[in-house]
Amino acid sequence: MTTGAFDGRATSDWMRRFAATAYATEAELTALDQQAGDGDFGVNLTAGVKAGERLLDADGNPDGGPSAPLGSMAAAFLDEIGGTSGPLFGLLFQALARTAESAGSALTAAALATGTEEGLAAIRRVGDAAPGDKTLVDALTPAAEALRAAPDGTPADQALERAAEAAWQGVRDTADLSARMGRASYLGERVTGVPDPGAVGIALFFASAADTVREVAPHLR
């Protein structure tokens, strides 16, 4: 469990918890994507975090600034992971890393809001998705809004907790949406009631700021 400011060590720990979360929930993510997509989201996510962990290990300086761990994840997802979701997650990490570099020694709630908003904008430009399309944008948008709405002086861990809660609500809302993007758009009513796997991945990312998530199902109710 991490509390307070997100310096380099805390941010590195967050990335490693996200990796542990991806491993723990891979089977659930795969099952969801088999219903609503190509069935490869769980595998791609775990491949991304595994590559990210290798880069984190190679960096060897957990006491550096928060930009480096985020940059490691960005490089892993952008350079090594295929599919649709890998590059999109990479864009989020890249935007957060860039903002973290400007923030200095620790991520503030305001910096997290800026990085998340810039990542969301990049994802929307590349993926051409909008809220309501039943994609990861439906979880990332409320997460960004929750971060931006945090009062001045809100500790980063508390802001991230609010972002995770907002993202999970976004995930649950996707179950009622009709997909307008990707393979799910061809499945019609067969994906009604199924939350978007990419949106779940976003919620897992923000939730991992506090602790490793071992199971997705309780968050879908």
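This text gives an overview of the structure that appears in the document. Predicted model only: the values in this text are computed from it and were never measured.

All right, on to helix H1 (residues 8-36) then. Between its terminal C-alpha atoms H1 stretches only 36 Å, short of the 42 Å expected from 29 residues at 1.5 Å a residue. Remark: the principal bend of H1, roughly 60°, maps to Thr-25. Between a side-chain oxygen at the N-terminus of H1 and the backbone nitrogen of Arg-9 the separation is 3.3 Å; the capping residue is Asp-7.

Further remarks concern the packing of helix H7 (residues 156-174) against helix H8 (residues 197-207). Taken N-terminus to C-terminus, the directions of H7 and H8 make an angle of 165°; their axes are 8 Å apart at the nearest point. Looking at the two axes, H7 sits roughly antiparallel to H8. By crossing handedness, the relation of H7 to H8 is classed as left-handed. Residues Leu-160, Ala-163, Ala-164, Ala-167, Trp-168, Val-171 and Thr-174 of H7 form the contact with H8, whose participating residues are Ala-199, Val-200, Ala-203, Leu-204, Phe-206 and Ala-207. Its residues placed into classes, the contact of H7 with H8 shows 12 nonpolar, 1 polar and no charged.

The next thing to look at is unusual backbone geometry. Its identity is not glycine, yet Asp-128 carries a phi of approximately 60°, on the positive side. In this fold, Asp-128 is placed in the loop between helix H5 (109-127) and helix H6 (137-149). On the accessibility criterion, Asp-128 (61% relative accessible area) is exposed. With a phi close to 65°, Lys-134 is a non-glycine residue in the positive phi region. When you line up the elements, Lys-134 lands in the loop between H5 and H6.

Another aspect to go through is the side chain of Asn-44. By the element assignment, Asn-44 lies in helix H2 (residues 41-59). Looking at Asn-44, the relative accessible area reads 16%, which means it is buried. Sequence-distant contacts of Asn-44, defined by excluding residues within four places in its chain, comprise Ile-81, Gly-82, Gly-83 and Ser-85.

Attention now goes to the packing of H6 against H7. With their axes 7 Å apart at the nearest point, H6 and H7 run at an angle of 150° to one another. Between H6 and H7, the crossing angle belongs to the class labelled roughly antiparallel. For the pair H6 and H7, the sense of crossing is right-handed. From H6, Asp-138, Ala-139, Pro-142, Ala-143, Ala-146 and Leu-147 reach across to H7, where they touch Ala-159, Leu-160, Arg-162, Ala-163, Ala-166, Ala-167, Gly-170, Val-171 and Thr-174. Here the residues of the contact of H6 with H7 sort into 11 nonpolar, 2 polar and 2 charged.

Time to look at the nonpolar core. Phe-89, Phe-205 and Phe-206 are the most contacted members of the largest nonpolar core, which has 64 residues in total. For this core, the secondary-structure elements that each account for two or more residues are H1, H2, helix H3 (67-80), helix H4 (85-103), H5, H6, H7 and H8. The leading source of residues in this core is H1, at 9 residues. Ignoring any residue separated from it by four or fewer positions in sequence, one finds Phe-205 in contact with Trp-14, Met-15, Phe-18, Leu-92, Phe-93 and Leu-96.

Reading guide: rules and limits
- Residues numbered from 1 in each chain as written.
- Predicted model: local features only at pLDDT ≥ 70, side-chain atom pairs only at ≥ 80, totals over all residues.
- Heavy atoms only, no water.
- Helix = DSSP H or I, 4+ residues; strand = E, 2+ residues; numbered from the N terminus.
- Expected span 1.5 Å × (residues − 1).
- Bend = angle between axes of the 7 residues up to and from the residue.
- Polar contact = N/O pair within 3.5 Å; in protein donor to acceptor, adjacent residues only side chain to side chain.
- Axes fitted to C-alpha atoms, helices over the stretch in contact; angles between N-to-C directions.
- Parallel < 35°, antiparallel > 145°, perpendicular 65-115°, else oblique.
- Left-handed = near helix turned anticlockwise from the far one by under 90°.
- Contact = heavy atoms within 4.5 Å.
- Nonpolar A, V, L, I, M, F, W, Y, C, P; charged D, E, K, R; others polar.
- Buried < 20%, exposed > 50% of the residue type's maximum accessible area, 1.4 Å probe, protein only.
- Core = buried A, V, L, I, M, F, W, Y, C linked by side-chain atoms within 4.5 Å.

Any functional reading would require information beyond the geometric quantities listed.
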